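Breakdown of the fold
Here is what each chain is made of, one letter per residue.
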Amino acid sequence: ARSLVVLLPPPCLRRAGLATMSWAKEVDRSGVTFVNSFADPRGMPFSVAVKDRMMYSHTFTFEDGKPFTTGCTAVVTATLEGAELGPFDVLIDILVAQELLREVMQLYDHVNLDTLPAFRGQNTTVEVMARAVYDELHARLVAHHCRSAPTDGKGLGAITGMRITLEESDVASA
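All chains use their own residue numbering, which begins from 1 and follows the written sequence. In keeping with the predicted nature of the model, local features appear solely for residues at pLDDT of at least 70, side-chain atom pairs appear and are counted solely at 80 or more, and the whole-chain, interface and lining totals rest on all residues. Hydrogens are left out, water is left out, and the side-chain values use all remaining heavy atoms of the structure.

A separate point is the overall build of the protein chain. Regarding its fold elements, the protein chain presents 3 helices and 9 strands. Runs of H or I in DSSP of at least four residues are treated as helices and runs of E of at least two as strands, each being numbered from the N terminus. Helices and strands appear in the protein chain in the N-to-C order β-α-β-β-β-β-β-α-β-α-β-β. For every residue, the accessible area (1.4 Å probe, protein chains only) is compared with the maximum for its type, and the residue is labelled buried under 20%, exposed over 50%, or partly exposed between those bounds. Counting over 174 residues, the protein chain shows a buried share of 40%. When contacts within the protein chain are restricted to residue pairs at least 6 apart in sequence, those whose partners lie at least 24 apart make up 66%. All accessible areas in this document rest on Shrake-Rupley with a 1.4 Å probe, and a residue is counted as covered only by the protein chains that are shown. A total of about 9300 Å² of accessible surface is found on the protein chain, and carbon and sulfur atoms cover 55% of it. Should any heavy atoms of two residues lie within 4.5 Å, those residues are considered in contact.

The subject of this paragraph is the pattern of salt bridges. Criterion for a salt bridge: a side-chain nitrogen of Lys or Arg within 4 Å of a carboxyl oxygen of Asp or Glu. Counted according to the given criterion, the structure contains 4 salt bridges. We note a salt bridge from Arg 140 to Glu 103, for which the minimum N-O separation is 3.1 Å. With Arg 140 in helix α3 (residues 126–152) and Glu 103 in helix α2 (residues 94–108), this pair connects stretches of sequence that are 37 residues apart. With a relative accessible area of 37%, Glu 103 lands in the partly exposed category. For the salt bridge of Arg 140 with Glu 136, the shortest nitrogen-to-oxygen distance reads 2.6 Å. Here Glu 136 and Arg 140 lie together in helix α3, a separation of 4 residues that amounts to about one turn.

Working definition: a ring pair exists when centres of Phe, Tyr or Trp rings (six-membered ring for Trp) sit within 6.5 Å. Plane angles under 30 degrees give stacked, over 60 give edge-to-face, the rest tilted. Throughout the structure, instances matching the rule amount to 4 aromatic pairs. Here the aromatic residues Phe 60, Phe 62 and Phe 68 are joined through ring pairs into a cluster of three or more.

Along the chain, His 58 turns up in strand β5 (residues 46–60). On the accessibility criterion, His 58 (4% relative accessible area) is buried. Each polar contact in these results corresponds to two N or O atoms within 3.5 Å; when the atoms are within protein, one needs to be able to donate a hydrogen and the other to accept it, and residues that are neighboring in sequence are counted only if both atoms are side-chain atoms. Among the polar contacts made by the side chain of His 58, one reaches the side chain of Thr 124 at a distance of 2.8 Å.

Turning our eyes to something else, we now look at the pairing of strand β6 (residues 68–82). Between any two strands, at least two bridges found by DSSP are needed for them to pair. Bridge count between β5 and β6: 15 bridges; the pairing is antiparallel. Note that in β6 the partner of Met 55 across the bridge is Thr 73. With 7 bridges connecting them, β6 and strand β8 (residues 161–169) associate as antiparallel partners. Its bridge partner lying in β8, Thr 79 is registered against Arg 163.

In this section: the environment of Ala 78. Secondary-structure assignment places Ala 78 in strand β6. Ignoring sequence-local partners within four residues, the contact set of Ala 78 consists of Val 48, Ala 49, Val 50, Leu 101, Leu 137, Arg 163 and Ile 164.

Quick look at the nonpolar core now. Side-chain atoms within 4.5 Å link the members of a nonpolar core, which is a set of buried Ala, Val, Leu, Ile, Met, Phe, Trp, Tyr and Cys residues. By size, the foremost hydrophobic cluster in this structure holds 35 residues, and its most contacted members are Met 54, Tyr 108, Val 133, Leu 137, Ile 164 and Leu 166. Listing elements by their share of this core, those giving two or more residues are β5, β6, α2, α3 and β8. The element best represented in this core is α3, accounting for 9 residues.

With that settled, consider the confidence of the model for the protein chain. Across the protein chain, the average pLDDT comes to 76, with 68% of residues at or above 70. Predicted confidence for residues 14–42 stays below pLDDT 50, and this span has 85 contacts to residues more than four positions away or in other chains. Values of pLDDT, the confidence the predictor places in each residue, fall between 0 and 100.

What follows covers α2. What a helix should span is 1.5 Å times the count of its residues minus one. The first and last C-alpha atoms of α2 sit 22 Å apart over 15 residues, in line with the 21 Å expected at 1.5 Å per residue. Between a side-chain oxygen at the N-terminus of α2 and the backbone nitrogen of Leu 95 the separation is 2.9 Å; the capping residue is Asp 93. In the stretch just after α2, His 110 is the one whose phi turns positive, near 55°.

Okay, structure coming up:
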């Protein structure tokens, strides 16, 4: 069963008039975040997608209790969506989107995920990593908006949704 968790936008977004957006995350019982970060009933005719990759190692433990260590080269696509364009007829500056995604990738690239406190006691499946990338990128997008919108007029004003696709191979993704 999935549930909708409504998130309050940070004060800088409320001041910018973006509090009318319905910010929400859809979560199932296992805690996996599904796409629907900023629910927008008008649809999303505009999108900007940026892609990057990270390589990491991690250990899985399943019902047999025997841990095994493996590695993954994950290709991540972040798709930012909006119903309309913002100032200067852009959804988001694509360079900013690429830089923010790269910041997130650097957190996990060439890292043994078992050493990171955020993942202790967890199998870092592609679903878990997609959620981690989503959460980190979302936080960076909000911070960028709070920092930049007052000075450059761009910010996040037009973004109403975000989708993260993490591919662990050419035939499997989350």
